[in-house]
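So you can see what is in the structure, the chains are spelled out below.
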Amino acid sequence: MSHSLYIHIPFCMKRCIYCDFVSGIYEPVKSEAYIRALKKELTAIPDKRPLSTIYIGGGTPTALSTDLLSELINHIFDIFQLAENYEATIEANPGTLDREKLRVLRSTGIDRISMGVQSFDDKELSFLGRIHTSKEAEQAVHLSRDAGFKDIGIDLIYGIPGQDMSTWKKNIEKAVNLKPEHISAYELTVEKKTALHAYLIKSNIPRPSEEDKIIEMYEYAIDYLTSEGFIHYEISNFARPDHFSRHNLNYWDRGEYYGAGLGAHSFINGKRFRNTDNLEEYMKAVSNGISPAKEQEDITNEMALSEAIFLGLRKTEGIMIGSIAKRYNKNILSHYQKELKDLQQAGLIETVVSDSSYETALRLTRKGLLVSNEIFIKFI
């Protein structure tokens, strides 16, 4: 049985106004020390089953120097076996890419790149604190294609203060014109303790926070992208056929995965682990041969079933009722009878025959996708 591997790179050239991820400002000396520790943590993983997917995220992995990135990736490929059809993704900021870095990334075995464009509007990019311009984002996509990447993803954000439907339409249409294989469209969430949260409290910048405007932007993304041949396969994700993110699908299907690096999560043998998010604590633990995992949670059968439902419902095809029954020994239609009855009567969830497996599937309706978080709470 294969696993997935997530690697966290906690460095950025600049912190974005909306960011609440485990990350800090890139420093060459600190990043070199971190990669040494990360390699040591990876080497110490005891059960090195073949990897079906690898995902290097952050932060901004491409903030690292080309040599350091190459050193890390080569180490991963040296110590792990890879499944025959593996997928290896790296997140990238367009402002940290050049022709040589992309060439080296592709030559090491990375075959998928997820580009954090966020917007093709320079005013929006400036507001968000991104270090690239719209023109540089377009150039980064072209350079990635020139370097041999056949699987390119573009991330976009909607609901940005000052944004309206016309600028959102231009953003998403420009993304499609670049012919990526994958597009993610995320609503901007304002997390407490971020610079954006503090700024919005003090300022009077209009934000399209009215529910109907946010819904209009999301529904436009669904309608436009599907009309352009993309498959809406998860709440916020759209892809060309055969270009779904297999790494993320493993999360949504409750597959097992290792997480390495600062603040990374792992899910192995029914247990969930989380590494410390304190950089000094992480470096010290790894250098002393001690696991950097700070928290461990044993997942009970009831928790596992709950997770299978709210994670599986993220996928637009939903969850296969028969498969869930076999895996967790529960008939979810009777186990969650009241919750499902209420949701069905409200038009938020439905049962259909799956196009792919011909099983009966439980899935969110179009209306349900708009309030997915409220639905998930009912199963937690």
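Figured I'd write up the structure that's included with this text. Note that this is a predicted model, so its numbers are computed, not measured. Throughout, a residue's number is its position along its own chain's written sequence, starting from 1. For this predicted model, a pLDDT threshold of at least 70 governs which residues receive local features, and a threshold of 80 or more governs which side-chain atom pairs are given and counted, while totals over whole chains, interfaces and linings are taken from all residues. Calculation of side-chain values draws on the structure's entire complement of heavy atoms; hydrogens and water are dropped beforehand.

1. Observations concerning the packing of helix α6 (residues 165–177) against helix α8 (residues 211–227)
Worth spelling out the cut-off: Orientation is described by axes fitted as lines to C-alpha atoms, over the contacting stretch for helices, and by angles from 0 to 180 degrees between their N-to-C directions. In this text, helices come from DSSP runs of H or I with a minimum length of four residues, and strands from runs of E with a minimum of two, each type numbered from the N-terminal end. We call two directions roughly parallel when the angle between them is under 35 degrees, roughly antiparallel when it is over 145, roughly perpendicular when it lies between 65 and 115, and oblique otherwise. Crossing handedness follows the turn of the near helix against the far one: under a right angle anticlockwise gives a left-handed crossing, and clockwise gives a right-handed one. Contacts are assigned to residue pairs with any non-hydrogen atoms lying within 4.5 Å of each other. In this classification, the charged set is Asp, Glu, Lys and Arg, the nonpolar set is Ala, Val, Leu, Ile, Met, Phe, Trp, Tyr, Cys and Pro, and all remaining amino acids, among them Gly, are polar.
Where α6 contacts α8, the two axes come as close as 11 Å, and the packing angle between them is 30°. Between α6 and α8, the angle falls in the class roughly parallel. Considering the relative orientation of α6 and α8, their crossing is right-handed. Between α6 and α8, the residues in contact are Met-165, Trp-168, Lys-169, Ile-172, Glu-173 and Val-176 and Glu-216, Met-217, Tyr-220, Ala-221, Tyr-224 and Leu-225, respectively. Its residues assigned to classes, the contact of α6 with α8 comprises nine nonpolar, no polar and three charged.

2. Topic: the sheet that holds strand β16 (residues 349–353)
Here is the rule we go by: Pairing between strands requires that DSSP locate at least two bridges from one strand to the other.
Taken in spatial order, the three strands make up an open sheet running β15-β17-β16, and their pairing is antiparallel. Taken across any chain shown, the strands that pair with only one partner, and hence form the sheet edges, are β15 (319–320) and β16. Judged from the five bridges that link them, β16 and strand β17 (residues 360–364) form a sheet pairing that is antiparallel. Each residue of the ladder has a partner; that of Glu-350, found in β17, is Arg-363.

3. Things to note about the side chain of Arg-254
Using the following cut-off: Any N or O atom pair separated by 3.5 Å or less is treated as a polar contact, with the protein-specific requirement of one donor-capable and one acceptor-capable atom, and with residues adjacent in sequence counted only for side-chain atom pairs.
Mapping Arg-254 onto the fold places it in the loop between α9 (246–252) and β11 (257–260). Within the structure, the side chain of Arg-254 is placed 3.0 Å from the side chain of Tyr-328, a separation counted as a polar contact. Residues in contact with Arg-254, not counting those within four places in the same chain, are Phe-267, Ile-299, Ala-304, Glu-307, Ala-308, Leu-311, Arg-327 and Tyr-328.

4. Quick look at the environment of Tyr-358
Here Tyr-358 is to be found in the loop between β16 and β17. It is 44 Å that separates the C-alpha atoms of Tyr-358 and Lys-39, two residues lying 319 residues apart in sequence.

5. So, a negative patch on the surface
Put simply, the test is: Like charges are joined within 9 Å and nonpolar side chains (Val, Leu, Ile, Met, Phe, Trp, Tyr) within 5 Å, but only among residues with over 30% relative accessible area and no salt bridge; these make up the patches. Here the accessible surface of atoms and residues is derived via Shrake-Rupley with a 1.4 Å probe, and residues count as covered only by protein chains that are part of the display. Salt bridges, as used here, are contacts in which a Lys or Arg side-chain nitrogen is within 4 Å of a carboxyl oxygen on Asp or Glu. Positive: Lys, Arg. Negative: Asp, Glu. His and the chain ends are not part of the count. Note that the charge is assigned to NZ on lysines, CZ on arginines, CG on aspartates and CD on glutamates.
A cluster of acidic side chains, namely Glu-211, Asp-212, Glu-216 and Glu-374, defines a negative patch on the protein surface. Along the chain, the position of Glu-374 falls in helix α16 (residues 372–377).

6. Overview of helix α10 (residues 279–287)
Note: α-helices contain 3.6 residues per turn, so residues at a spacing of three or four share the same orientation. Spelled out, the test is: Residue exposure (1.4 Å probe, protein chains only): buried if accessible area is under 20% of the type maximum, exposed if over 50%, otherwise partly exposed. What the arc covers is the set of directions going from the helix axis to the C-beta atoms.
When we look at burial in α10, the residues that qualify are Leu-279, Tyr-282, Met-283, Ala-285 and Val-286. Down the axis, α10 shows its buried residues gathered within 165° of arc, on one side only. Of the exposed residues in α10, the ones pointing more than 90 degrees away from its buried face are Glu-280 and Lys-284. Along its buried surface, α10 packs onto α1 (28–44) and β13 (271–275). At the N-terminal boundary of α10, the capping side chain belongs to Asn-278, with an oxygen 3.1 Å from the backbone nitrogen of Glu-280. Following α10 by one or two positions, Gly-289 adopts a phi angle in the positive range, close to 75°.

7. Quick notes on the pattern of salt bridges
Side chains that differ in charge, positive against negative, can pair when their charged atoms come close. Under the defined criterion, the tally for this structure stands at 21 salt bridges. A salt bridge links Glu-350 to Arg-363; the nearest nitrogen and oxygen atoms lie 2.8 Å apart. Of this pair, Glu-350 sits in strand β16 while Arg-363 is found in strand β17, placing the two residues 13 residues apart along the sequence. The class of Glu-350 is partly exposed, set by a relative accessible area of 26%. What you see here is one network of salt bridges that share partners, running through Asp-47, Arg-49 and Glu-256.

8. Some thoughts on the environment of Leu-156
Along the chain, Leu-156 falls in strand β7 (residues 152–158). A residue is classified by how much of its surface remains accessible, and Leu-156, at 0% relative accessible area, is buried. Put simply, Leu-156 and Val-117 are 39 residues apart on the chain and 6.2 Å apart in space, counted from C-alpha to C-alpha. Residue contacts for Leu-156: discarding those within four places in its chain leaves Val-117, Gln-118, Ser-119, Phe-120, Trp-168, Asn-171, Ile-172, Ala-175, Ile-183, Ser-184, Ala-185 and Tyr-186.

9. Description of the packing of aromatic side chains
Rule in force here: Pairing of aromatic rings covers Phe, Tyr and Trp, the last through its six-membered ring, and needs centres within 6.5 Å; plane angles under 30 degrees mean stacked, over 60 mean edge-to-face, and all others mean tilted. Any Lys NZ or Arg CZ that is within 6 Å of a ring centre and within 35 degrees of that ring's normal is treated as a charge sitting over the ring.
A full pass over the atoms with the stated rule returns 14 aromatic pairs. Seen from their ring centres, Tyr-158 and Tyr-218 are 6.4 Å apart, and the 20° between their planes marks the pair as stacked. Here Tyr-218 lies in helix α8 and Tyr-158 lies in strand β7, a separation of 60 residues in the sequence. Of the two residues, Tyr-158 and Tyr-218, both sit in the buried class. Site record: aromatic cluster; members linked through ring pairs are Phe-11, Tyr-34 and Tyr-282. If you follow Arg-240 out to its NZ or CZ, it ends over the ring of Phe-230, 4.0 Å from the centre. Taking NZ or CZ as reference, Arg-272 lies 4.7 Å from the ring centre of Phe-267, over its face.

10. Some remarks on the nonpolar core
What counts is decided by this rule: Joining through side-chain atoms within 4.5 Å is the link that ties buried Ala, Val, Leu, Ile, Met, Phe, Trp, Tyr and Cys residues into a set, and such a set is a nonpolar core.
Of all hydrophobic cores here, the largest spans 101 residues; its most connected members are Ile-7, Ile-9, Tyr-34, Leu-38, Leu-42, Ile-76 and Trp-168. The element best represented in this core is α8, accounting for eight residues.

11. A closer look at unusual backbone geometry
For the peptide bond that leads from Gly-58 to Gly-59, omega is 25°, which places it in the cis range. As for its position among the elements, Gly-59 is in the loop between β4 (51–58) and α2 (66–79). Not every positive phi belongs to a glycine, and Asp-242 is a case in point at roughly 70°. Mapped onto the elements of the fold, Asp-242 is located in the loop between β10 (237–239) and α9. When its relative accessible area of 79% is taken as the criterion, Asp-242 is described as exposed.

All we've got here are geometric facts, nothing functional implied.
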